[in-house]
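For reference, the chains in residue letters:
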Amino acid sequence: MGRKADVIVREEVVIRFSGDSGDGMQLTGTLFSDTAALFGNDVSTFPDYPAEIRAPQGSVGGVSGFTVHLGHSEVNTPGDFSDVLIAMNPAAIRANAAWVKEGGTVIYDQDNFTEKNIEKAGYKTDPIKEEKLESYNIIAAPISTLVKEALKDLGLDPKTVLRTKNMFALGMVYWLFDRSLNYTEVFFDKKFSHKPSIAEANKIALRAGYYYAETIEALTPVYKILPAPIAKGTYRNINGNQATAWGFIAAAEKAGLKAFIGSYPITPATGILEEMSARKDLGVISFQAEDEIAGICTAIGASFAGKLAITTTSGPGLALKSEAIGLAVMTELPIVIVDVQRGGPSTGLPTKTEQADLLQALYGRNGECPVVVIAASTPTDCFDYAYDAARMALEHMTPVLLLTDSYLANGTEPWKIPAMKELREIKPRFANKDELPFIPYKRDEERLARSWAIPGVPGLQHRIGGLEKNTLGNVSYLPENHEKMVKIRAEKVARVVNEIPDLEVQGDKKGELLLVGWGGSYGFIITAFRELLAEGYNVSFVNFNYINPLPGNVKEVFRSFKRIVVCELNLGQFADYLRMKHQEFTYHQINKVQGIPFTINDIKEKCIKMLEEK
Amino acid sequence: MEETAVKFTAKDFKSDQEVRWCPGCGDHAVLSSVQRALAEIGVPKEKIAFVSGIGCSSRFPYYMDTYGFHGIHGRASAIASGVKTANPELSVWQITGDGDALAIGGNHFIHAVRRNVDLNLLLFNNEIYGLTKGQFSPTSGKGLVTKTSPFGTVEEPFSVGELVIGAKGKFFARTVDANIALSTQIYIEAARHKGTSVVEILQNCVIFNDGIHDEVTGKEVRDDRTIILKHGQPMIFGKNNDKGLILDGLKLKVVKIGENGITEKDLIVHDVTEPNPGIQYMLANMRYPEYPVALGIIRAVEGLTYDSSVHKQIESVQEKAKIKCVDDLLLSGSTWNVD
């Protein structure tokens with residue numbers, strides 16, 4: 001195939017696939033990002049779909065998108081503005097026009113730009129003109145007509161034929177980015193091994209799109225992104241929910257325990273329950289409970305019975321689990337609670353991302369009820385923090401609450417696969433069966449953790465429960481005992497600080513402005529930080545993954561900066577928490593509560609303004 | 001759970017904790033019957049776990065020298081389901097009351113029964129909230145005057161057996177707290193039955209609802225107002241063993257043997273193993289004065305348990321699985337090397 005078009009070598013490119021929620025955009029985007037990752041690009045993706053499974057066809061509310069960001073160097077975010085937009089209908093233009101880079105490429109299915117669809121998307125005439133995109137690189141392709149023509153000899157029904165439109169579009173994008181069709185073709189052969197005609201139709205549509213792009217030669221410029229210089233090793237693509245599930249399974253294996261998950265399906269956390277339920281090959285016991293409360297209560301029962309117990313949920317479900325988390329705190333049983341945050345309050349924005357469950361995670365329970373709270377910050381480090389959450393729960397005999405979010409859960413990245421032997425040891429605190437009588441709330445001096453006596457072991461029979469106990473495990477209403485136990489439970493969680501890493505500052509250790517982030521907004525803040533640095537601004541960046549307890553060197557880090565700017569997707573919950581824990585500093589805030597991640601510019605512009613104010 | 005040759009006595013299952021129920025409370029008798037039953041069942045105490053929710057009866061685990069978990073209100077079925085599913089080797093007992101199991105914990109109760117988790121679920125039914133000092137419960141008779149229904153309740157009560165059968169329950173029995181011989185036998189059968197065994201205990205709250213069951217279970221009247229059902233036996237009751245139950249059309253009917261040509265042969269023979277719950281359902285719902293109240297095992301149908309099915313499924317997947325450890329998992333599917 002000759003390539004007459006100009007080839008532009010780019011550091012990074014953002015491509016957005018957008019169409020009706022029935023158009024298969026998620027699959028299209030995933031196939032493209034897998035192909036890019038196999039080629040060796042660093043990749044970050046973000047699916048963005050409506051809560052309704054099938055919103056009205058052609059409506060802006062029904063637009064489903066999938067963004068792929070690929071680069072020659074490290075890629076930390078799915079990217080704000082796209083270089084290429086693939087719009088399967090006018091509504092996709094409406095939803096994305098503002099997010100296309102000036103002069104970028106827009107490929108659209110001309111056949112779908114009917115008067116009716118144009119009107120449904122809220123346009124009167126030509127969407128391209130109304131959005132003032134005429135000067136962009138616009139490629140109007142009659143995709144529906146072309147797939148019908150390409151597949152006419154297969155004898156398929158018209159509906160099936162039109163379902164391959166996304167593959168035609170994908171074929172065009174492969175040509176545009178000079179990528180091999182091989183991975184996608186193999187995918188279809190496998191997926192439709194029992195329906196070879198469907199596999200064939202998709203492959204023909206894919207190739208037709210590829211050749212069409214070549215033929216029209218209108219697709220200039222052709223982008224070329226060289227492989228990213230990434231560390232040696234074996235890689236795979238993984239999303240945050242899968243990484244979370246695997247982190248737990250890895251921790252169970254390391255600790256010599258069976259994993260037990262008790263959960264109730266809830267968007268966007270369900271993927272963890274699904275993945276763990278599929279892992280019966282590794283002995284995972286999964287219990288899909290009747291509700292959120294039963295989810296955590298079965299997990300507490302399993303923890304009592306000696307399993308690595310997990311429950312997963314999102315914000316509304318965390319609210320329902322509150323009382324039972326208190327029970328786990330009181331009984332001092334190891335359990336990990338995952339909250340994949342979404343837009344709240346109440347049902348809120350179930351498919352959108354937010355970081356507004358922080359205070360609920362820290363404090364949303366009755367009584368003095370401390371738990372360890374940690375947060376993952378990239379799709380792949382969900383594995384590390386799930387693993388570490390399990391380790392802390394088992395070694396410190398405490399509930400651990402792991403915060404991720406919708407963006408991490410659904411976003412994918414290439415992941416350098418670790419070997420099990422490289423992972424930190426996990427030593428559950430089993431009670432010594434020779435040390436009788438067993439005293440349920442006797443503690444080790446260092447961590448203040450009690451021992452774990454598993455039913456089935458002779459001689460260790462004991463009773464625990466939600467009522468306040470004395471050290472012997474007997475119910476006690478003594479005023480001094482209650483205060484003592486409250487303080488011990490708090491101190492036990494506080495001492496976790498001795499075993500977590502210090503904060504690491506990116507950039508200078510002192511200066512004008514320290515960007516502070518926590519959890520899932522990491523990728524956006526670090527990208528903004530790097531760009532600011534490259535533009536000559538005096539900024540540094542620090543990211544928190546350990547929230548309760550906070551790392552031991554917070555004060556040391558903070559006091560070397562003139563301004564501390566806390567960036568988070570809520571109205572300032574982490575900033576308020578820091579104000580309470582470290583009152584001596586002044587905290588500035590950059591917040592966003594729109595159900596979508598920060599853009600790099602959100603952060604950069606505000607920082608530049610602050611730096612210029614002096 | 002395997003049975004051992006070691007002999008146990010009721011005392012072996014007593015913990016060192018002082019029992020704190022009110023003097024005269026029906027719970028004392030239940031505790032004693034359960035300890036006797038355990039001695040006979042023969043499962044060693046380290047393989048037994050008692051799980052409870054909240055309420056007077058939920059203090060029960062503290063008085064047993066077994067593993068014990070005193071949970072939170074309504075959630076005992078869920079906690080116990082977790083314990084049993086995590087380790088099917090354990091003998092798991094759930095202690096609950098009418099408020100704990102049927103009000104705040106109603107959802108967990110019906111789902112545990114539906115799944116047929118192998119639990120022995122003892123439901124202490126005193127038709128009142130005792131621990132909160134006398135409010136009506138979901139089993140309080142319509143019109144009952146309590147602190148929160150000073151003019152009488154206006155709501156229909158639940159029938160425990162009806163709920164169990166409606167939730168596809170496979171084992172339901174009813175006993176009276178003070179009838180230690182009958183109770184002990186029922187607890188033994190409940191423990192031997194594989195699946196959720198629900199035992200409704202007509203239990204007396206001596207403070208807030210004293211004598212609520214006396215109309216039926218009082219010493220003077222109980223022979224005529226209750227019937228103790230026995231598998232394979234005709235349904236006979238009465239002080240003189242002269243009354244029985246027949247099927248009259250689609251309904252049960254009380255008859256007198258010897259009257260209108262009725263003989264013992266006309267009576268229904270009790271069958272706890274009949275999967276179709278029609279007659280068992282009617283038996284569970286018999287109310288005085290139209291009928292005697294049924295005691296004994298009403299339904300005991302074999303079926304697969306949730307916990308054993310979960311583990312069997314895991315084993316069968318593992319036999320054929322290509323992924324044997326986490327390293328295999330991490331390297332499965334599409335991967336690529338960067339050299």
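Here, every reference points to the structure presented above.
What you see is a predicted model; the values in this text were computed from it and never measured.

1. Brief notes about the overall build of chain B
And step 1. Each helix and strand counted, chain B has 11 helices and 14 strands in total.
And step 2. Against the 2.2 N^0.38 benchmark of 20 Å for 339 residues, chain B shows a C-alpha radius of gyration of 22 Å, consistent with a compact globule.
And step 3. A principal-axis box enclosing the C-alpha atoms of chain B has dimensions of 95 × 45 × 45 Å.
And step 4. Expressed as a percentage of its 339 residues, the buried residues of chain B come to 49%.
And step 5. Considering only contacts within chain B whose residues lie at least 6 apart along the sequence, 66% involve residues at least 24 apart.

2. Considerations on helix α10 (residues 240-255) of chain A
Residue and element names in this part refer to chain A.
And step 1. Counted at 1.5 Å a residue, the expected span for α10 with its 16 residues is 22 Å, and the 22 Å between its end C-alpha atoms agrees.
And step 2. Of all 16 residues in α10, 16 are buried, a share of seventy percent or more.
And step 3. Just downstream of α10 lies glycine 256, where phi reads positive at about 75°.

3. Notes on the nonpolar core
All names here are of chain A.
And step 1. If you look at the biggest cluster of nonpolar residues, it comprises 199 residues, and the most contacted ones within it are Phe248, Ile249, Ile300, Leu308, Val336, Ala390 and Leu402.
And step 2. When residues of this core are assigned to their parent elements, the largest contribution, 10 residues, is made by helix α15 (residues 381-396).
And step 3. Excluding residues that lie within four positions of it along the chain, valine 336 makes contacts with Phe248, Ile310, Ala389, Ala390, Ala393, Val400 and Leu402.
And step 4. Val63, Tyr174, Trp175 and Phe177 belong to the second largest nonpolar core, which has 58 residues in total.

4. Examining unusual backbone geometry
And step 1. Here threonine 267 of chain A and proline 268 of chain A are connected by a cis peptide whose omega angle stands at 0°.
And step 2. You can see proline 268 of chain A is positioned in the loop between β10 (259-263) and α11 (270-277).
And step 3. The omega torsion of the bond from tyrosine 288 of chain B to proline 289 of chain B falls at 10°, within 30 degrees of zero and hence cis.
And step 4. Structurally, proline 289 of chain B can be placed in the loop between α9 (278-284) and β13 (293-300).
And step 5. Despite not being glycine, aspartate 178 of chain A has its phi angle at roughly 55°, a positive value.
And step 6. Of note, aspartate 178 of chain A is situated in the loop between α7 (165-176) and α8 (182-191).

5. Observations concerning the environment of aspartate 271 of chain B
And step 1. One can find aspartate 271 of chain B in the loop between β12 (251-256) and α9.
And step 2. For the pair aspartate 271 of chain B and leucine 229 of chain B, spaced 42 residues apart in sequence, the C-alpha separation works out to 9.3 Å.

6. Quick notes on the sheet that holds strand β14 (residues 372-375) of chain A
Whenever strands of a sheet pair, they do so through backbone hydrogen bonds, lying parallel or antiparallel.
All names here are of chain A.
And step 1. Taking strand neighbours across the sheet as the criterion, the 7 strands line up as β11-β10-β12-β13-β15-β14-β20 in an open arrangement whose pairing is mixed. Two strands lie at the open edges of the sheet, namely β11 (285-288) and β20 (546-548), each paired on one side alone. Taken over all neighbouring pairs, the strand axes of this sheet differ in orientation by 20° on average, direction set aside.
And step 2. Contacts from helix α13 (residues 315-331) reach β12 (308-313), β13 (335-341) and β15 (399-405) within the one sheet, and its direction differs from that of β13 by about 160°.

7. Side note on the environment of asparagine 202 of chain A
All names here are of chain A.
And step 1. Residue placement: asparagine 202 occurs in helix α9 (residues 196-216).
And step 2. The sequence separation of asparagine 202 and valine 147 amounts to 55 residues, and the corresponding C-alpha distance is 9.7 Å.
And step 3. Excluding its chain neighbours within four sequence positions, the residues that come into contact with asparagine 202 are Thr164, Met167 and Phe188.

8. Some thoughts on the interface of chain B and chain A
And step 1. Tallying the contact residues gives 50 residues for chain B and 57 residues for chain A.
And step 2. Of all the elements in the fold, those that place two or more residues in the side of chain B that touches chain A are β2 (67-70), α2 (76-86), α4 (106-115), α10 (306-320), α11 (326-330) and β14 (336-338) of chain B.
And step 3. Here the element with the most residues in the side of chain B that touches chain A is α2 of chain B; it accounts for 8 residues.
And step 4. In terms of residue class, the side of chain B that touches chain A is built from 24 nonpolar, 18 polar and 8 charged.
And step 5. Here strand β9 (residues 233-239) of chain A runs beside β14 of chain B; their pairing, made up of 3 bridges, is antiparallel. Directly across from threonine 234 of chain A, in β14 of chain B, lies its bridge partner asparagine 337 of chain B.

9. Here's the deal with the packing of α10 of chain A against α11 of chain A
All names here are of chain A.
And step 1. Packing of α10 against α11 brings their axes to within 8 Å, and their N-to-C directions diverge by 50°. Taken together, the axis directions place α10 and α11 in an arrangement best described as oblique. For the crossing formed where α10 meets α11, the hand is right-handed. Between α10 and α11, the contacting residues are Asn241, Gln242, Thr244, Ala245 and Phe248 on the first element and Gly271, Ile272, Glu275 and Met276 on the second.
And step 2. Split by residue class, the contact of α10 with α11 holds 4 nonpolar, 4 polar and 1 charged.

Conventions we followed
Residues numbered from 1 in each chain as written. Chains lettered and ligands numbered in written order. Predicted model: local features only at pLDDT ≥ 70, side-chain atom pairs only at ≥ 80, totals over all residues. Helix = DSSP H or I, 4+ residues; strand = E, 2+ residues; numbered from the N terminus. Rg over C-alpha atoms; globule rule 2.2 N^0.38 Å. Buried ≥ 20, exposed ≤ 12 C-beta atoms within 10 Å, placed from the backbone. Contact = placed C-beta atoms within 7 Å. Expected span 1.5 Å × (residues − 1). Core = buried A, V, L, I, M, F, W, Y, C linked by C-beta atoms within 7 Å. Pairing = 2+ DSSP bridges. Axes fitted to C-alpha atoms, helices over the stretch in contact; angles between N-to-C directions. Nonpolar A, V, L, I, M, F, W, Y, C, P; charged D, E, K, R; others polar. Parallel < 35°, antiparallel > 145°, perpendicular 65-115°, else oblique. Left-handed = near helix turned anticlockwise from the far one by under 90°.

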